[in-house]
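# Results of the structural survey
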Amino acid sequence: MASKPTTANMPLMGGQAAAANVQQLMTNPTPATMPLMGGPRPAAANVQPQLGIQQNAAANVQQLQSPPAHVQPHLPGHQTPGHLQPHMVINRAQGSIQPQTGIRHAPAAGLQPQLANRHGMQPLIKGDRLMFSTSDDNVMLKQIQSTHVPDGREIDVKPLLQIIEDIFKRAVPSVNAISGLGTQPMVEALEDKTYQSSFLGMLEALAYLIDRISCEITCKCSGGGDAHATAMAILNMLTSYSWDAKLALALGAFAVTYGEFWLVAQSYTSNQLAKAVAILKQLPEILEHASMLKPQFDAIKNLIKAMVDISKCVFEFKQLPSHYITTDFDAISSANAHIPVAVYWTIRSILACASQLTGLTLLGREHMVSTTEAWELSSLAHKLSNMHSHLTALLHNCYKYIDEKKHIEALHNIRNLFEMLHIDNMRVLKALICQKDDLLPLVDGATKRRVNLDVLRRKNVLLLISDLDILQEELSILEQIYTESRQYPTRNESQYEVVWLPVIDPAMPWTDTKQKQFDSLQAAMPWYTVHHPSLIERAVVRFIKEDWQFGKKPILVVLDPQGRVVCPNALHMMWIWGSLAFPFTTAKEEALWREETWRLELLVDGIDPLIGNWISEGRYICLYGGEDLEWIRKFTTTANAVAQAAGIPLGMVYVGKSNPKERVRRNTATITVEKLSHCWQDLTSVWFFWVRLESMWHSKIQLGRTVENDNIMHEIMAMLSYDSSEGGWAVFSKGSAEMTRAKGSTFLTCLEKYEEWKGQVPPKGFLPALKDHLEQLHTPHHCNRLVLPGTAGNIPEKVVCSECNRLMERFIMYQCCDE
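Residues numbered from 1 in each chain as written. Predicted model: local features only at pLDDT ≥ 70, side-chain atom pairs only at ≥ 80, totals over all residues. Heavy atoms only, no water.

### Notes on the overall build of the protein
A tally of regular secondary structure across the protein gives 29 helices and 14 strands. Across the 819 residues of the protein, 52% fall into the buried class. For the protein, contacts bridging at least 24 residues in sequence account for 74% of all contacts bridging at least 6. About 38100 Å² of surface is accessible on the protein, with carbon and sulfur atoms providing 53% of the total. (Helix = DSSP H or I, 4+ residues; strand = E, 2+ residues; numbered from the N terminus. Buried < 20%, exposed > 50% of the residue type's maximum accessible area, 1.4 Å probe, protein only. Contact = heavy atoms within 4.5 Å. Areas by Shrake-Rupley, 256 points an atom, 1.4 Å probe, with all protein chains shown as cover.)

What follows is the structure in structure tokens.
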């Protein structure tokens, strides 16, 4: 490339200079007198010798000019590493060490002219910039992009980068590596697939190009050449390749020279051939001052790491799937603008490293003291590191965008899957439970062994969906129902399988505490469970929350043998009817409700056998609840007195309050000690009573029932309203069908005024007379409040009061689980 002369003191890497000189550099990157990456050249008579800086071999060398006094050494945009001290120049003729501050001085009187002429040394201004000025960025970018004319040819960059990185890891630059005093770090061997015939065939086709680039680097660094011009020449050699391939090929060409150098350096103490080559390269002579090489080796190692990082990052950009991301995406547009500059500066860094190796082999021990050169390499490493950080941030944005697109696509695919017809349930189950490389994604609750999804093929599958905070009471009741159904394997009720899907927020970190909690729950479940929550992918979690309305509390989604959703939540009907609700479809749920009436058995079925005995005996039965112990004492005492006066057999049961806490436990103990009534000692029974009542409400809501069109729904709402109130409440029943209810204060007043209505008992009966008097005491101006259970499902926008049939005002309440 032809070049025009420019100022003699133009810095090597594009430093602080007049605007005219910078412009000249941009338009003519190969000035005859520009300082070079390597190679001897004659020195001017008044040049201060600086060991380790090789100059350009040129026929006519202009005398260097000292910079003006106001020029201060600096590196715009970068900080000089704090551990690097000013460049120390060894004057071997005088045997003294002098600091080099970046200002040119006259040569020492005792300097040997032959030494200066031998190395062609020119001092490097510490403030030399490692990048073009901002005003010329566009010019440089256009110049770099003009070399990029890809013709569509592709090479497999990944295995090439793997081999290059393997060379750099094994050729660790250190003094101990040369002397054989240290132990090289263990590096895993490359996988055999890296050396597959297809890849070796590709390398054979590229061998000539890699060799050309390697020669270009070696010749220009040893025989003289402009770093910018050399970088552009390399880019022109690689004009037909993609940016990631350019980097891989250039880095590969340098890795050949680099690996050969360190192979000799590491082997010369134990291998005679390597020893002979090392002697010619003057490596043993370098060991005389080996400790002074550490800054240089550290700088080379750091710069190589930065170059590899940049190359891998650019490769990752090339691998981004075009199906999910296009060039008009902001991060891609920004990356496309930065990658050419990053490639250019990586090649410049390759030349800088190659220059250091050339200096060691050509100049031997006289090249050893080079703190300023180490500073140059550190500055380049810092520059590449900044570029890598910026590109990595853009890459992260791309991955995040792609992940979101894949997430939406996966969610769409799952929804489509549930709208399709299937011959069995396998496709649906595999979409919900990701197998990945794990062929056994389930754990059998009976044997605790891992099994395949095929155990669920063509079966009714009940998906128990919850987080890790599922209540032990819920598990106990569900386990009881599940175990009872398995006692009769020939019955249809047993032809279903339960699978636990633990749904964990993907944004929350998975901790050891959560792992222990998961392991404990999994060990306690007798049905199938997913091996680990990570097998439930993010799109599935979103689908479950959005389409199946999973919130905080567990749900039980039912899939038929073909994988169709036949009930969005069967947990409610399982709580109400147990295995009798099989096959747990919405149609079965509607059929069961058609056979039901509001009766005592519906409220307490299966909870307490004693109540069933009372019903068969024809007793009057009173269920009461609340937490006010004084009201409980007055009510039970008064009710027993009225029953004795009316001559009726009465059985009373305390059912506490929903979500029973310590106060209910204390009330139960007091009622038992004072023999006020019968009560459930196990609070699980109290909990299950209210859960069944809430399940009735949810079941009715799921079927579209309201207070206005369903009498059972009306009674359920009244019971939930009583539980939400502060005071007590009571329900009186005769046998199975006759029932009446009221708030605690109203009921107590009615019983206390028994003398006023006892005359109505003989003609009407005790329960009708009681009901009529309760209606007379009702105060319509003040009704109830209702706290709806916060489980999954649709919360109705409008709720009608069960007492006065007016719309209730809506509030939002947050309540923790503490007392």
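### Looking at helix H9 (residues 272-280)
Because the α-helix completes a turn every 3.6 residues, residues three or four places apart line up on one side. Where H9 begins, the capping side chain belongs to asparagine 271, and its oxygen is found 2.9 Å from the backbone nitrogen of leucine 273. The positive-phi residue at the C-terminal boundary of H9 is glutamine 282, with phi of around 65°. (Polar contact = N/O pair within 3.5 Å; in protein donor to acceptor, adjacent residues only side chain to side chain.)

### Here we look at the environment of proline 295
Position of proline 295 among the secondary structure elements: in helix H11 (residues 294-318). Classification of proline 295 as partly exposed rests on a relative accessible area of 35%. It is 9.6 Å that separates the C-alpha atoms of proline 295 and serine 378, two residues lying 83 residues apart in sequence.

### Quick word on the packing of aromatic side chains
Within this structure, the stated rule accounts for 34 aromatic pairs. Relative to phenylalanine 766, the ring of phenylalanine 732 lies with its centre 6.4 Å away and its plane at 45°, an arrangement referred to as tilted. Of this pair, phenylalanine 732 sits in strand S13 (residues 729-734) while phenylalanine 766 sits in helix H29 (residues 766-777), and the two are 34 residues apart along the sequence. The buried category is assigned to phenylalanine 732, whose relative accessible area is 1%. Owing to a relative accessible area of 3%, phenylalanine 766 belongs among the buried residues under this scheme. A connected cluster of aromatic rings, assembled from ring pairs, spans Tyr620, Tyr624, Trp631, Phe635, Tyr654, Phe732, Phe747, Tyr754, Trp757 and Phe766. In this arrangement the basic side chain of lysine 246 is found over the ring face of tryptophan 243, its NZ or CZ atom lying 5.1 Å from the centre. Lying across the ring of tryptophan 593, lysine 700 places its NZ or CZ 4.1 Å from the centre. (Phe/Tyr/Trp six-rings, centres within 6.5 Å; stacked < 30°, edge-to-face > 60°. Lys NZ or Arg CZ within 6 Å of the ring centre and 35° of its normal.)

### Here's the deal with the packing of helix H24 (residues 683-702) against helix H25 (residues 711-724)
Contact geometry of H24 with H25 gives a least axis separation of 10 Å together with a crossing angle of 135°. As judged from the angle between their axes, H24 and H25 are oblique. Every pair of crossing elements has a handedness; the one defined by H24 and H25 is left-handed. Mapping the contact onto sequence places Phe689, Trp690, Leu693, Glu694, Met696, Trp697, Lys700 and Ile701 in H24 and Ile712, Met713, Ile716, Met717, Met719, Leu720 and Asp723 in H25. When grouped by side-chain class, the residues that make up the contact of H24 with H25 number 12 nonpolar, no polar and three charged. (Axes fitted to C-alpha atoms, helices over the stretch in contact; angles between N-to-C directions. Parallel < 35°, antiparallel > 145°, perpendicular 65-115°, else oblique. Left-handed = near helix turned anticlockwise from the far one by under 90°. Nonpolar A, V, L, I, M, F, W, Y, C, P; charged D, E, K, R; others polar.)

### As for unusual backbone geometry
Most peptide bonds adopt trans geometry, and most residues besides glycine take a negative phi value. The amide bond that connects phenylalanine 582 to the next residue, proline 583, takes the cis arrangement and shows omega of 5°. Structurally, proline 583 is set in the loop between helix H18 (571-577) and helix H19 (586-594). Phi at glutamine 549 takes a positive value of approximately 60°, unusual for a residue other than glycine. If you check the backbone angles, lysine 675 has positive phi at about 55° while not being a glycine.

### Re the pairing of strand S8 (residues 555-559)
Burial runs high along S8: five of the five residues are buried. Here S8 shows two buried faces, one formed by Ile555, Val557 and Leu559 and the other by Leu556 and Val558. As defined by bridge partners, strand S5 (residues 460-466) adjoins S8 across five bridges and the pair is classed as antiparallel. Bridge assignment links valine 461 to a residue of S8, and that residue is leucine 559. Sheet analysis places S8 next to strand S9 (residues 565-567), joined by two bridges and oriented antiparallel. Pairing of leucine 559 across the sheet is with valine 565, part of S9. Counting the residues between successive antiparallel strands, the hairpin from S8 to S9 contains five residues, one of them, glycine 563, with a positive phi of roughly 85°. (Pairing = 2+ DSSP bridges.)

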